[in-house]
Structure formats: C-alpha cells, structure tokens
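What follows is the residue order along each chain.
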Amino acid sequence: MAAAEEWEVVRVRVKKCEGLMPPEFRSFAVDPQITSFEVLQHILIRAFDLSSRKNFTISYLSLEKPSQEVYLSLQSDWDLDVAFSSLSRAQLQLKVDIKPLEDSPLLEEWDIISPKDVIGSELLTPEKRPFPSSPLPLTQSILSQVGRTLSRMQQVLSWSSSEEATKPFKPPLSDAEFHTYLNHEGQLCRPEELRLRIYHGGVEPALRKVVWRYLLNVYPDGLTGQERLDYMKQKSQEYEALKASWRSQEGSEELEAVRGAVVKDVLRTDRQHPYYAGSEDGPHLAALRDLLTTYALSHPRVSYCQGMSDIASPILAVMDNEGHAYVCFCGAMRRLEANFRADGRAMSLKFRHLKLLLRRADPEFYAYLRRRGAHGLLFCYRWLLLELKREFAFDDALRLLEVVWSSLPPDPPETEVPLSGEPLASPRPLLVRPCWGEADEEEEEGEEDLGEPLPPPQEFGMGNPFLLFLCLALLLEHRDHIMGGRLDHNETAMHFDRLVRRQDLRRVARRAKALFAEYLQSEVWGANPSLAAP
C-alpha cells in the first residue's frame, strides 16, 4: 500500500445523501499534506451549498473489505490522516449525510449569535432571556475588556450594523490572512482585531504554533519577524539552562518529590492522542515531564499542582518544541497561576461568580440544585481550573482554548516573559499539591450573599468572563437530564465525569456566545463589593 506522503494530489469524490432525495455528487482534488479536517469541512460546505444546513456527518469508504461498501466516520484530523494513508491509489470516496434540521437553524460553531437571532431561537425565547434588553448598540466584541472602557471596546471592535454582526461563519484564520495583521517589518499592528477574528473562527491547525504565541502573550510589543526568531532562540536557551540546573541536583529530596508528582500525572495525560501515545518513555512524554519539572522547580512559590499537565499538554503538542512550549506555558501561567495557589481565593471567587450567573440566567435550575444540595457547583471545579480543556475531545479542546484566549485582552510583557518565579521567603521543602477536589466545601453563602448585579467584564471570572458563559452553557445543555432524573450533587458529578472528552463543542459554543452577547449588550453588571476580585 502506498503511503499518504507519496500522493501530491488526491482526487476526492463525494456523495451527498439527504433523506429520500436523490444523491448528489461532487469531485475535487486536494493536497493531503495541507488539507485538515476543518478545511475539508469548508470545501464540502461550499461544494454542496450547506451554509444554511450545517448539521451533517462525513464518512469515508473503507478499503479493508473491497467486496463490501463500508463507510467509516470521519470526525477529526486523525481520521482524515487514516483515510489518506489507507489509499491504494490517489482517490478518496466520501459520503456526506444530511441530518434533519432542528427547530432552529444550526449556525456555524464559531459564529457570534446576535440577540436578534437568540430571541427567535429555542435557546433563549423572550420569556427565558436571562438578561434584560438594552437600547445600547450591540457590543459583540469580547476584547480589550481589562483596563479599557466599554466605549473603547465599541470604538475598536464593534460592528456598525446587525447585518455585520450576523454575517456567515468565517473559516479558521489562514497564514495568508494572518499576514494582513502584520506590517512590512513583520510587526503585529492590529492585536485586538486579530483576537476578534480568532474568536470568530479559530486558527488553522498548521498556523497555531505561530499565532498561539501571541494569544499567550509571549512576545513583547513591536518585535519584527527577525526579532521574534531571536527572542524565541534566546528564551529556549534560558530554558535549557534552567533544566540543566535541576538535572545537576539528582537525588535531592525536592527534586524527587516534584518529579514523582509530575511523572504520575504525565503518564495519564492525553494518552489517547497520537502525540502522547505509545511507550511511557517516549520523547513527547519525556518533554512534557521535563517541562513541568522545570516549571515547578523554577517557581517554588507555585511548584507543581495536579492539573498543570493538562494545561501544558496541548501547548507542547502544538509547538512540538520543548523550549518553545515552556516559554508559552510560562505565558499561560502568568494568568492561570492564581488557580493553583494554596489559599484557593481565585477559585473561590470564580465559583461565586458562576453561581451568581447561573442563578440569574436560570433561577429555576439554580433552585433545583439548591434543593438537591448541588448548588455549590463543586462538580465544576475541573472546568474552572483547566478552562474546560478536559471536557472536549483533544482537537476540539485546541479550538476551544484558542477561542477562550482570544476573548481576553492583549497583555504582552513589557520586556520578556519571565521563565522563573520569585524564591521562597524562607528555605523549606517545595510544595507539591493535588488540586482535584481541593476546594473546601465551606458553608454555602445565603442567596442574599451572592448579590444581584453581575460583575463588569474586567472583574467577572477574574477577567475571563467568557469562560463562565461556557460553563453556564454546559450546565444548561444538561439541565433537563439533571432535573428530569432528579440527580443530586454526587449523581450530577458522576454524570459529567462520564462525559469527559465527549461534550458537544458546537452546541456549547453556540449557546455560550449567545448568552455572552446578551450579557455584553444588556450591561447588567454593577458595583458589588462582595464579588470583587481579592
């Protein structure tokens, strides 16, 4: 059998099936080296004019049993690679099955849904809209929130008409389009607009290792293309020096404590994904182990905490370079470090905000959870700690993460990303702490303690409000099952545990963006000292 790399061009023949209607056929050619699953989806949408009916599945004809017509599901880049590699000649046969439309039109997963669309949908009927309407112009932008006024957000990033806000979906950001955000010297000149574009459509997989460095605030402002190359080379050398330093301490108690905790987590992190599959001493697992060990020993005030491997894993898989991944991980942890602090203040505040949001959006559901002893939402701990990374399949999680990051304002370092943290005030053993279930089940606040107004965007969720709306959307997706089955806290937690890596990103993202747009438009936030960040 010929390897997929031998085909420079593969001819694709597609059959579209829709109920009792006669099948339709299309043919086109693709380069298997640059065609991702998302690109293939967009080709099919255009080929069959599926812009108004996105609910379809893709499968490919298996060649294992030539005498039988067996189609296998095609849902990811991994499936597409398998389909290409199984070809005996440069022709791939696909089938597109159109599913029946739901009551409301299915929009592309990364579209912003305007309140006009939401009002007419099954998600937020007029009597169920959680946030009151406002006469202000629609503010779809989710950028430049921290340290900027709402008027500045509107000036830079809002649309002038509802037509612009509800225009058709955008494909993932391509290399050619990305270069339009750079000037002739390679400097990023429109960072807020770039983030808004990514919020709309994500990033092409091949471009992620470039664009994620901007989203994770790795680069100082104003670097040219050559300066960025030099910068990453310098920071990678710094990383190697840090790693060499702890490797010279073999046998020390601190090193063994940290490395033991790291190895335990690394060996069970994303092992189902091809990048981390295989032998336990494989190079990618070793890189992830060394990256996390270096971070823990270089940041003694934080050290290592369970869950950090889930944050580092997708970054390493995308960067495919240990030094670059470490620099990006340090950029991410500048914002996420508070989640892993022993005092738990950041996580407690996020829980309070999520409870307030759920109570305002769906009082009936919140009241049910209170009656069943589940209103503490402790089963959401993993969601808030890891920003929902574990709730979706790996490839979906990559898209989710980049969209969440794009919803945050640019926060580049003044000079460079620090690769080490402050030393401990007094010498003592490094702390290596588990995180799962560490949130104390403190006495629940009374309803009056949660307050009434939602915090403003720069405070809500400690400056990451869109994450809270994703959590809210995930809760509402399972509302009927939880209430219909009369699930208590433990049963609800078990229900969500069974769905790890199986949540429907398209549905959750669509609902979250609708709710978030409502929040931004309505201006339901106000001063509330009890909900302010510590």
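Quick caveat, the model's predicted, so the values are computed rather than measured.

### Some details on helix α11 (residues 283-298)
Consideration 1: Between the first and last C-alpha of α11 there are 22 Å, a value that for 16 residues agrees with the 22 Å anticipated at 1.5 Å per step.
Consideration 2: With respect to burial, α11 is a largely interior element, twelve of its 16 residues being buried.
Consideration 3: Those residues of α11 lying buried are Leu 285, Ala 287, Leu 288, Asp 290, Leu 291, Leu 292, Thr 293, Thr 294, Tyr 295, Ala 296, Leu 297 and Ser 298.
Consideration 4: In this fold, the buried residues of α11 make contact with α9 (225-247), α10 (253-266), β6 (304-305), α12 (308-319) and α13 (322-336).

### A short note on the pattern of salt bridges
Consideration 1: Summed over the entire model, instances satisfying the criterion amount to 32 salt bridges.
Consideration 2: Notably, a salt bridge pairs Glu 256 with Arg 259, separated by 3.2 Å at the nearest N-O pair. Of this pair, Glu 256 and Arg 259 both sit in helix α10, three residues apart, roughly one helical turn.
Consideration 3: Measuring nitrogen to oxygen at the nearest pair gives 3.0 Å for the salt bridge that ties Arg 479 to Glu 364.

### Brief notes about the packing of aromatic side chains
Consideration 1: Here the structure, examined in full by the defined rule, presents 18 aromatic pairs.
Consideration 2: Ring geometry for Trp 212 and Trp 405: centres 4.8 Å apart, planes at 85°, overall edge-to-face. Taken together, the positions of Trp 212 in helix α8 (residues 208-215) and Trp 405 in helix α17 (residues 394-406) put the pair 193 residues apart, joining distant regions of the chain. Across the pair, exposure class does not vary: Trp 212 and Trp 405 are buried alike.
Consideration 3: Within the aromatic cluster, the residues linked to one another by ring pairs are Tyr 199, Phe 460, Phe 466, Phe 469, Phe 516 and Tyr 519.
Consideration 4: When the ring centre of Tyr 71 is taken as reference, the NZ or CZ atom of Lys 95 above it lies at 4.8 Å.
Consideration 5: Its guanidinium or amino end placed over the ring of Tyr 199, Lys 513 lies 4.1 Å from that ring's centre, counting from NZ or CZ.

### Observations concerning the packing of helix α18 (residues 465-477) against helix α21 (residues 505-522)
Consideration 1: In contact at an axis separation of 8 Å, α18 and α21 are set at 125° when each is read in the N-to-C sense. The orientation of α18 relative to α21 falls into the category oblique. Between α18 and α21 lies a crossing whose hand is right-handed. Residues Pro 465, Phe 466, Phe 469, Leu 470, Leu 472, Ala 473, Leu 474, Leu 476 and Glu 477 of α18 lie in contact with α21, whose contacting residues are Arg 507, Val 508, Ala 509, Arg 511, Ala 512, Lys 513, Leu 515, Phe 516 and Tyr 519.

### Concerning the environment of Leu 386
Consideration 1: Along the chain, Leu 386 falls in helix α16 (residues 381-386).
Consideration 2: Taking C-alpha positions, Leu 386 is 6.9 Å from Gly 307, a pair spaced 79 residues apart along the chain.

### Here we look at the nonpolar core
Consideration 1: Among the nonpolar cores identified, the biggest contains 113 residues, and Leu 292, Met 308, Ile 315, Phe 329, Leu 358, Phe 365 and Leu 388 are the most heavily contacted of them.
Consideration 2: Here this core takes eleven residues from α18, the largest share from any one element.
Consideration 3: Sequence-distant contacts of Phe 329, defined by excluding residues within four places in its chain, comprise Leu 291, Leu 292, Tyr 295, Met 308, Ile 311, Ala 312 and Ile 315.
Consideration 4: Core analysis: the second largest hydrophobic core is formed by 23 residues, Phe 56, Leu 80, Val 96 and Ile 98 among them.

### As for the pairing of strand β2 (residues 21-30)
Consideration 1: In this sheet, β2 lies alongside strand β1 (residues 10-18) in antiparallel orientation, the contact comprising eight bridges. Each bridged residue has a counterpart across the sheet, and for Lys 15 the counterpart in β2 is Phe 25.
Consideration 2: Where β1 folds back onto β2 in an antiparallel hairpin, the turn is made up of two residues, including Gly 19, whose phi is positive at roughly 55°.

### Some points on the sheet that holds strand β3 (residues 56-61)
Consideration 1: Across the sheet, five strands lie side by side as β2-β1-β5-β3-β4; this open sheet has mixed pairing. Edge positions in the open sheet fall to β2 and β4 (71-73), since each of these has one partner strand only. Between one strand axis and the next, the sheet turns by 30° as a mean value, whatever way the strands run.
Consideration 2: Alignment of β3 against strand β5 (residues 91-98), held across five bridges, turns out to be antiparallel. Bridge pairing links Ile 58 to Val 96 in β5.
Consideration 3: Set on the sheet, helix α2 (residues 77-85) makes contact with β1, β2, β3, β4 and β5; between it and β3 the angle comes to about 25°.

### Details of the packing of helix α14 (residues 345-361) against α18
Consideration 1: It is at 10 Å that the axes of α14 and α18 come closest, and there the two elements cross at 55°. With respect to α18, the axis of α14 lies oblique. In the crossing of α14 with α18, the sense of the turn from one axis to the other is right-handed. Only Leu 468, Phe 469, Cys 471, Leu 472, Leu 475 and Leu 476 of α18 make contact with α14, whose side of the interface consists of Lys 350, His 353, Leu 354, Leu 357, Leu 358 and Ala 361.
Consideration 2: Here the residues of the contact of α14 with α18 sort into ten nonpolar, one polar and one charged.

Rules used in this analysis
- Residue positions are given per chain, counted from 1 along the sequence in the order it is written.
- Reporting in this predicted model follows two pLDDT cut-offs: at least 70 for local features of residues, and 80 or more for side-chain atom pairs to be given and counted; totals over whole chains, interfaces and linings ignore these cut-offs and use all residues.
- Based on all heavy atoms of the structure, the side-chain values leave hydrogens and waters out of the count.
- A helix here means a DSSP run of H or I that spans at least four residues, while a strand means a run of E at least two residues long, and both kinds are numbered starting from the N terminus.
- Here the expected span of a helix is defined as 1.5 Å times the quantity of residues minus one.
- Relative accessible area decides the class of each residue, using a 1.4 Å probe on protein chains only: under 20% of the type maximum gives buried, over 50% gives exposed, and in between gives partly exposed.
- Residue contacts follow a heavy-atom distance rule, with two residues in contact if any of their heavy atoms lie within 4.5 Å.
- Only one rule defines a salt bridge in this text: a Lys or Arg side-chain nitrogen within 4 Å of an Asp or Glu carboxyl oxygen.
- To pair, rings of Phe, Tyr and Trp, with the six-membered ring standing in for Trp, must have centres within 6.5 Å; the planes then decide the type, stacked if under 30 degrees apart, edge-to-face if over 60, and tilted in the middle.
- A positively charged side chain is recorded as over a ring if its NZ (Lys) or CZ (Arg) lies within 6 Å of the ring centre. The angle to the ring normal must also be within 35 degrees.
- Axis geometry follows a simple rule: fit a line to the C-alpha atoms, using only the stretch in contact for helices, then measure angles between N-to-C directions, giving values from 0 to 180 degrees.
- Under this scheme an angle from 65 to 115 degrees is roughly perpendicular, one under 35 degrees roughly parallel, and one over 145 degrees roughly antiparallel; angles in between are oblique.
- Rotating anticlockwise by less than a right angle from the far helix to the near helix defines a left-handed crossing, while the corresponding clockwise rotation defines a right-handed one.
- Within this scheme, the nonpolar core is defined by two criteria: the residues are buried Ala, Val, Leu, Ile, Met, Phe, Trp, Tyr or Cys, and they are joined through side-chain atoms within 4.5 Å.
- Strand pairing requires that DSSP identify at least two bridges connecting the strands.
- Nonpolar residues are Ala, Val, Leu, Ile, Met, Phe, Trp, Tyr, Cys and Pro. Charged residues are Asp, Glu, Lys and Arg, and all others, Gly as well, are polar.

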